[in-house]
Amino acid sequence: QVDWVETTDSHMFKVDVPGIRKEDIQLKVLDGDILQISGEWKGKSVEGTWHRLERPRGPFLGQFKLSDRFRAYKIRAEYENGVLSIVVPKKPARPAADSFRWPLSYY
C-alpha cells in the first residue's frame, strides 16, 4: 500500500512494507523521471497444512512517474516500524522567459 502526495516543493511517499528488512528494499530512478521501489518478502517456509496464508510473500515492485523537475541526489528515505517514508525534493520552478530581468551595464 502506498500513499503519494505532491506538494509545492516535494513528492512524499509512505509505503507499507511490514516484515521486510531495510536492506531488502531498493530505490532507483529510471529514465530520469520514474521512481522505482522494489524488494522481496523473505518468509520462512513451514511444512504442514496451511489453513490461511494472507501475509505478503515474494517480490514487489512499484513505479511512479514524477515530473522531470526533481533532485534525485537529494532523495531521502527512512524506514521505521514497517513503513518506508520517501521525500523527493523538487527543483525550483523556472520563471517564465518574459519575467527575466537582465542587469544592464553602461560603458
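The coordinates are above.
What you see is a predicted model, and the numbers here were worked out from it, not measured in a lab. (Residues numbered from 1 in each chain as written. Predicted model: local features only at pLDDT ≥ 70, side-chain atom pairs only at ≥ 80, totals over all residues. Heavy atoms only, no water.)

Caption draft 1: Region of interest: unusual backbone geometry. With a phi close to 55 degrees, Asp31 is a non-glycine residue in the positive phi region. As for its placement among the helices and strands, Asp31 is situated in the loop between strand S3 (25–30) and strand S4 (34–41). For Asp31, a relative accessible area of 73% corresponds to the exposed category. The backbone phi angle of Asn81 is positive, close to 50 degrees, even though this residue is not glycine. (Helix = DSSP H or I, 4+ residues; strand = E, 2+ residues; numbered from the N terminus. Buried < 20%, exposed > 50% of the residue type's maximum accessible area, 1.4 Å probe, protein only.)

Caption draft 2: Representation of the sheet that holds S3 in the model. Within the open sheet, the three strands sit side by side as S3-S4-S5. Their pairing is antiparallel. Two strands close off the open sheet at either side, each with one partner strand: S3 and strand S5 (58–65). Across the sheet, the mean angle from the axis of one strand to that of its neighbour is 15 degrees, orientation sign disregarded. Pairing of S3 with S4 involves six bridges; the strand directions are antiparallel. Across the sheet, the residue bridging to Leu27 is Ile37, located in S4. (Pairing = 2+ DSSP bridges. Axes fitted to C-alpha atoms, helices over the stretch in contact; angles between N-to-C directions.)

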